[in-house]
Structures are given as C-alpha cells and as structure tokens.
Amino acid sequence: MAIRRVILSYRDYEALPNDGRRYELHDGELSVTPAPGTRHQAVLMRLSAILHAHVTQRGLGAVYPAPTDVILSEPTVVQPDILYVAADRMRLVSARGIEGSPTLVIEIISPSTVQIDRHTKLQLYARHGVPHYWIVDPDQRSIEAYRLVPEGYEPGARARGDETWSTEPFADLAVPLASIWA
C-alpha cells in the first residue's frame, strides 16, 4: 500500500488551535514548536525595538515581531521571529499577514529550532525570494546575515559578543550587540 502525503494549505492552517504552540506550514507539512523561552523573547524585544525605531524614524517601511503570518504560498506559511517589509513592498501587508516575501526575516535560534532555522527555513526563504535572512543565536551571542543571490543564500556579515552589527538592508544602522544580549 502506497503512503499518500497530505499537503496542508492556508485554510487548514487557519483551523489550527490557538494553544500557545507555534504552527507553521513548510511546503504543506505541519511544523509545531513550543513557545519560545524568556531569553529568546528578551532578545526579540530588544532587537525588534532597535529596528522598529530605525525604520519608523526614516520612513523605511514596517517591522513586525512574531507572531505574524508570512504567507509565502498556499502550502508555506511561516512566523519569523522578526520581519521587515521595505516601503516598496508594503503592498504585501494585509489583514491576515504578509502575503509574499518580506525584505528581511530574522530567526532567533532556540534549542528546539536550530535545525529548522539553519536548514529548513533557510531553504524556504531562499526559494521564495526573501532578499535578506539573519540568524541570531543568543547562546553563542552571535548574529549572521545571508543575502539572496541567484544560486540561493550567500553568507554575509557575522558578528558576536559585544561587537557592533551593521549590514544590509540597514547599512546605516550600527547595533551594539551587547544591547540585545543584556
């Protein structure tokens, strides 16, 4: 007997319970992770506040923290920890979430999401044309950037510890990393 793979859609995703878990669809497959821990959330709040202030003061678009649905396709719905939509992509913002590829997605690694963030989502975001992807690792006190090129993502800037972070799409923003690890 052949095993038939069930591919879920956005409609199936909408019907999932609101039970504190993070549900996502990765090419029609359900991904479930526990709610993030307090350290993760503290880093998320500090970094999103810095980015929000920078983007808002300059009228560059909008920054959204999780949980915000990013509907990359009917069978691919994700909730990046932080996302940025540049002014030229604001048409993607709808009542249900971001309908298409935001300019930047940021994932903050938790022990339960390392493989998903470093492999599954890296491939999903590249395939769906997300121009910039940052991975933040609170345990290693590091941040790394990836930039989309025709072959996929290429590694870009990296920083750790108390260094200052500055890279695309915010080359004019200098983030003292010590301020997000505090």
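Right above here is the structure, for reference.
Residues numbered from 1 in each chain as written. Predicted model: local features only at pLDDT ≥ 70, side-chain atom pairs only at ≥ 80, totals over all residues. Heavy atoms only, no water.

Engineer: Could you give me a rundown of helix α2 (residues 38–58), with the residues and numbers involved?
Structural biologist: Between the first and last C-alpha of α2 there are 30 Å, a value that for 21 residues agrees with the 30 Å anticipated at 1.5 Å per step. Two residues or fewer past α2, Gly-59 is found with a positive phi of approximately 60°. (Helix = DSSP H or I, 4+ residues; strand = E, 2+ residues; numbered from the N terminus. Expected span 1.5 Å × (residues − 1).)

Engineer: Talk me through the sheet that holds strand β6 (residues 82–86); I want residue IDs and the actual numbers.
Structural biologist: On the basis of which strands lie adjacent, the open sheet formed by six strands has the order β3-β6-β7-β8-β9-β10 and mixed pairing. A strand with exactly one partner marks an edge of an open sheet, and here the two such strands are β3 (61–65) and β10 (152–160). Taking each pair of neighbouring strands and ignoring which way they run, the sheet shows an average axis angle of 15°. The pairing of strand β8 (residues 132–137) with strand β9 (residues 142–149) spans six bridges and is antiparallel. (Pairing = 2+ DSSP bridges. Axes fitted to C-alpha atoms, helices over the stretch in contact; angles between N-to-C directions.)

Engineer: Residues and numbers for the nonpolar core, please.
Structural biologist: Core analysis: the largest hydrophobic core is formed by 24 residues, its most contacted members being Leu-51 and Trp-134. Elements that contribute at least two residues to this core include exactly α2, β6, β7 (104–108), β8, β9 and α4 (178–181). Looking at this core element by element, the count peaks at five residues for α2. Each residue touching Leu-51, except ones within four places of it in the same chain, is listed here: Val-63, Ile-82, Ile-106, Trp-134, Phe-170 and Leu-173. (Core = buried A, V, L, I, M, F, W, Y, C linked by side-chain atoms within 4.5 Å. Buried < 20%, exposed > 50% of the residue type's maximum accessible area, 1.4 Å probe, protein only. Contact = heavy atoms within 4.5 Å.)

Engineer: Tell me what's going on with the layout of surface pockets, and back it up with residues and numbers.
Structural biologist: Gaps left between atoms show up when a probe the size of a water molecule is rolled over them. Here the largest pocket defines a volume of roughly 360 Å³. Quantified by volume, the second largest pocket comes out at close to 170 Å³. Mapped onto the lining of the second largest pocket, the elements with two or more residues apiece are β1 (22–26), β2 (29–33), β7 and α3 (114–127). With three residues, α3 is the largest single contributor of residues to the lining of the second largest pocket. Here the lining of the second largest pocket is composed, by residue class, of six nonpolar, seven polar and six charged. (1 Å grid on protein atoms, 1.4 Å probe; cavity = no way out; pocket = protein on both sides within 12 Å on 5 of 7 lines; lining within 4 Å. Points joined across faces, edges and corners; volume = space filled by probe spheres on them. Nonpolar A, V, L, I, M, F, W, Y, C, P; charged D, E, K, R; others polar.)

Engineer: Describe the pattern of salt bridges, listing the residues and the values that go with them.
Structural biologist: Side-chain pairs of opposite charge can arise whenever the charged atoms involved come near each other. Counted by the stated rule, this structure contains 13 salt bridges. With its nearest N and O atoms 2.6 Å apart, the salt bridge here joins Arg-141 to Asp-162. Remark: Asp-162 occurs in the loop between β10 and β11 (164–165) and Arg-141 occurs in the loop between β8 and β9; sequence separation between them is 21 residues. Given a relative accessible area of 55%, Asp-162 falls into the exposed group. In this structure, a network of salt bridges that share partners links the residues Glu-24, Glu-107 and Lys-121. (Salt bridge = Lys/Arg side-chain N within 4 Å of Asp/Glu carboxyl O.)

Engineer: So what about the packing of aromatic side chains? Which residues, and what values?
Structural biologist: Where two aromatic rings form a pair, the distance of their centres and the angle of their planes describe that pair. With the rule as written, the count across this model stands at eight aromatic pairs. On the basis of an interplanar angle of 70° and a centroid distance of 5.1 Å, the ring pair of Tyr-125 and Tyr-133 is categorised as edge-to-face. Each member of the aromatic cluster is reached from another via a ring pair, and the members are Tyr-84, Trp-134, Trp-165 and Phe-170. It is Arg-96 that lies over the ring of Tyr-10; its NZ or CZ is 4.2 Å from the centre. (Phe/Tyr/Trp six-rings, centres within 6.5 Å; stacked < 30°, edge-to-face > 60°. Lys NZ or Arg CZ within 6 Å of the ring centre and 35° of its normal.)

Engineer: Explain the pairing of β9 to me, using residue names and the numbers behind them.
Structural biologist: When you tally the buried positions in β9, you get six out of eight residues, the bulk of the element. Between β8 and the antiparallel strand that follows it, β9, lie four residues; Arg-141 among them carries a positive phi value of about 50°. Two strands pair when backbone bridges link them, and β9 and β10 are joined in this way by seven bridges, in the antiparallel orientation. Within the sheet, the bridge partner assigned to Val-149 lies in β10 and is Gly-152. Hairpin connection of β9 to β10: two residues between the antiparallel strands.

Engineer: Give me α3: which residues, what numbers.
Structural biologist: End to end, α3 covers 19 Å across 14 residues, agreeing with the expected 20 Å (1.5 Å per residue, within 8%). The largest bend along α3 reaches roughly 40° and is located at Lys-121. Every buried residue of α3 is listed here: Ile-116, Asp-117, Lys-121, Leu-122, Leu-124, Tyr-125 and Ala-126. Within two residues after α3, Gly-129 carries a phi angle of roughly 80°, on the positive side. (Bend = angle between axes of the 7 residues up to and from the residue.)

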